[in-house]
Amino acid sequence: MKNFKIIDIWVSIILLISFTILSLIKLDYTFLIGYCVVGGWQMISMVVHTLKGWFIHHKAGRYYYELTVAFIAAFTLLGLLFYPVLFFVMIVMLFAAPFMAVYYTWLCYNEVYVKMQRPMSALK
């Protein structure tokens, strides 16, 4: 578990930084590609965490994050029936998703480097 989580954190950090820099340099649709790549990576990570049962207990940060993503997915599906809802979700997610990606990366970092530490090593 710890190896997967460390790889997950570093891949997320590298993707976030590289697509941010690349988007600022190119100033074209690269932002949307990064949006999909980072979001896809983090969705895979969330599915793995859910299937393995890692840090998804009630009252955990991951639990509330995954609940929020489930609500967003539900509103998106509802938006397929009512286009104004879909348009609203798309506009909100255009601005919220980068912050959500950074928060998810921080959440993974916190799980590995704070929650998984042995008590004595946390005191050092």
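Calculation criteria
- Residues numbered from 1 in each chain as written.
- Predicted model: local features only at pLDDT ≥ 70, side-chain atom pairs only at ≥ 80, totals over all residues.
- Heavy atoms only, no water.
- Helix = DSSP H or I, 4+ residues; strand = E, 2+ residues; numbered from the N terminus.
- Buried < 20%, exposed > 50% of the residue type's maximum accessible area, 1.4 Å probe, protein only.
- Contact = heavy atoms within 4.5 Å.
- 1 Å grid on protein atoms, 1.4 Å probe; cavity = no way out; pocket = protein on both sides within 12 Å on 5 of 7 lines; lining within 4 Å.
- Points joined across faces, edges and corners; volume = space filled by probe spheres on them.
- Nonpolar A, V, L, I, M, F, W, Y, C, P; charged D, E, K, R; others polar.
- Expected span 1.5 Å × (residues − 1).
- Bend = angle between axes of the 7 residues up to and from the residue.

1. Here we look at the environment of Leu 107
Alright, step 1. Note that Leu 107 resides in helix H4 (residues 83–115).
Alright, step 2. A residue is classified by how much of its surface remains accessible, and Leu 107, at 4% relative accessible area, is buried.
Alright, step 3. The spatial distance from the C-alpha of Leu 107 to the C-alpha of Ile 9 is 9.2 Å, given a sequence separation of 98 residues.
Alright, step 4. For Leu 107, the contacting residues outside a window of four places in its chain are Gly 61, Arg 62 and Tyr 65.

2. Overview of the layout of surface pockets
Alright, step 1. Estimates place the volume of the largest pocket at around 780 Å³.
Alright, step 2. Taken together, 31 residues make up the lining of the largest pocket; nearest its centre are Tyr 35, Gly 39, Ala 97, Pro 98 and Ala 101.
Alright, step 3. Of all elements in the fold, only helix H1 (2–26), helix H2 (30–52), helix H3 (61–79) and H4 reach the threshold of two or more residues within the lining of the largest pocket.
Alright, step 4. With 11 residues, the single largest contributor to the lining of the largest pocket is H2.
Alright, step 5. Looking at the lining of the largest pocket residue by residue, the class counts come to 24 nonpolar, 7 polar and no charged.

3. Side note on H4
Alright, step 1. For H4, with 33 residues, the first-to-last C-alpha span of 42 Å runs short of the 48 Å given by 1.5 Å per residue.
Alright, step 2. The largest bend along H4 reaches roughly 45° and is located at Ala 96, with the proline Pro 98 sitting one to four residues downstream.

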